[in-house]
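Residue strings, one per chain:
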Amino acid sequence: DTRPGFTSSEQVEVLRITAAIVHLGDVGLVMDESRGEGPHFDEDTRPGHACRLLGVEMERLRKVVGFRSRVDPISKALIESPHTQESGQGVILIICKALYARLFNWLISRINTAMARADDSSLGYSIIGLLDIYGFEVFELNSFEQLCINFANE
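Read on for a plain summary of the structure. Because the structure is a prediction, the values reported are computed rather than measured.

## Re the pattern of salt bridges
1) Next: According to the stated counting rule, one finds 5 salt bridges in the structure shown.
2) Next: E13 is paired through a salt bridge with R16; the nearest N and O atoms lie 2.4 Å apart. Taken as a pair, E13 and R16 lie in helix α1 (residues 8-25) at a separation of 3 residues, close to a single helical turn.
3) Next: Looking at E13, the relative accessible area reads 34%, which means it is partly exposed.
4) Next: As a salt-bridge pair, E59 and R62 come within 3.3 Å of each other at their nearest N and O atoms. Separated by 3 residues within a single helix, E59 and R62 lie in helix α3 (residues 58-66), roughly one turn from each other.
5) Next: Classification of R62 as buried rests on a relative accessible area of 16%.

This is the structure we're talking about:
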């Protein structure tokens, strides 16, 4: 039995992409000023798992994270400038956000398709409920009581 409208392989892909985002978000960068190159992956947080999950070569990801590429408008030559450690970390976050946004949009599309096909003659329409617990993450330490308060307020 699969979730409404999701095949088993789609469920695996959703979990694979989610895991890749989590692994990629844990990647750290270090600079080696003596080499004059862009940031390199921290040995303790290399993106090997994320790359395997996404089907991306680690060296290709390092180049994207380590260098900014642009085309010279006059000579049409490709110019690569090394990122700083901070801007390289920003690139990683942008990749994570883009993956998450695309996954979220795909999920919403699939849910909408599944709901459009749903045939519940007793209601005549399909509904979906969402709970947004705003404020839960505002406190330094959240407790079960805070969850109950936020849940009740929603």
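Still more to cover.
## What to know about the packing of aromatic side chains
1) Next: With the rule as written, the count across this model stands at 2 aromatic pairs.
2) Next: Between Y100 and F104 the ring centres are 6.4 Å apart and the planes differ by 20°, which places this aromatic pair in the stacked class. You can see Y100 and its partner F104 sitting in helix α4 (residues 85-117), 4 residues apart, about one turn around the helix.
3) Next: Taking the relative accessible area as the measure of exposure, F104 reaches 42% and is therefore partly exposed.
4) Next: In this structure, R110 packs its charged tip against the face of F6, placed 5.8 Å from the ring centre.

## Some thoughts on the environment of A20
1) Next: Inspection of the secondary structure puts A20 in helix α1.
2) Next: We classify A20 as buried; its relative accessible area is 0%.
3) Next: Counting along the chain gives 27 residues from A20 to P47, while the straight-line C-alpha distance between them is 9.0 Å.
4) Next: Residues contacting A20, with those up to four places away along its chain left out, are A50, L53 and L54.

## Considering the nonpolar core
The nonpolar side chains of a soluble globular protein tend to be buried with one another.
1) Next: Core analysis: the largest hydrophobic core is formed by 12 residues, namely I21, L24, V27, L29, F41, A50, C51, L61, V65, V91, I92 and C96.
2) Next: Only α1, α2 (48-54), α3 and α4 provide two or more residues apiece to this core.
3) Next: In terms of residue count, the dominant contributor to this core is α4 (3 residues).
4) Next: For V91, the residues in contact, after removing those within four places along its chain, are V64, V65 and H83.

## Some remarks on a nonpolar patch on the surface
1) Next: On the surface, Y100, F104 and I108 cluster together to form a nonpolar patch covering roughly 300 Å² of accessible area.
2) Next: The topology assignment puts I108 in helix α4.

## A word on the pairing of strand β4 (residues 78-82)
1) Next: Where strand β3 (residues 67-71) meets β4, 5 bridges bridge the pair, whose relative direction is antiparallel. Of the residues in β4, the one forming a bridge with R68 is S81.

Each value, and the rule that gives it
Residues numbered from 1 in each chain as written. Predicted model: local features only at pLDDT ≥ 70, side-chain atom pairs only at ≥ 80, totals over all residues. Heavy atoms only, no water. Salt bridge = Lys/Arg side-chain N within 4 Å of Asp/Glu carboxyl O. Helix = DSSP H or I, 4+ residues; strand = E, 2+ residues; numbered from the N terminus. Buried < 20%, exposed > 50% of the residue type's maximum accessible area, 1.4 Å probe, protein only. Phe/Tyr/Trp six-rings, centres within 6.5 Å; stacked < 30°, edge-to-face > 60°. Lys NZ or Arg CZ within 6 Å of the ring centre and 35° of its normal. Contact = heavy atoms within 4.5 Å. Core = buried A, V, L, I, M, F, W, Y, C linked by side-chain atoms within 4.5 Å. Patch = residues over 30% accessible without salt bridge, like charges linked within 9 Å, V, L, I, M, F, W, Y side chains within 5 Å. Areas by Shrake-Rupley, 256 points an atom, 1.4 Å probe, with all protein chains shown as cover. Pairing = 2+ DSSP bridges.

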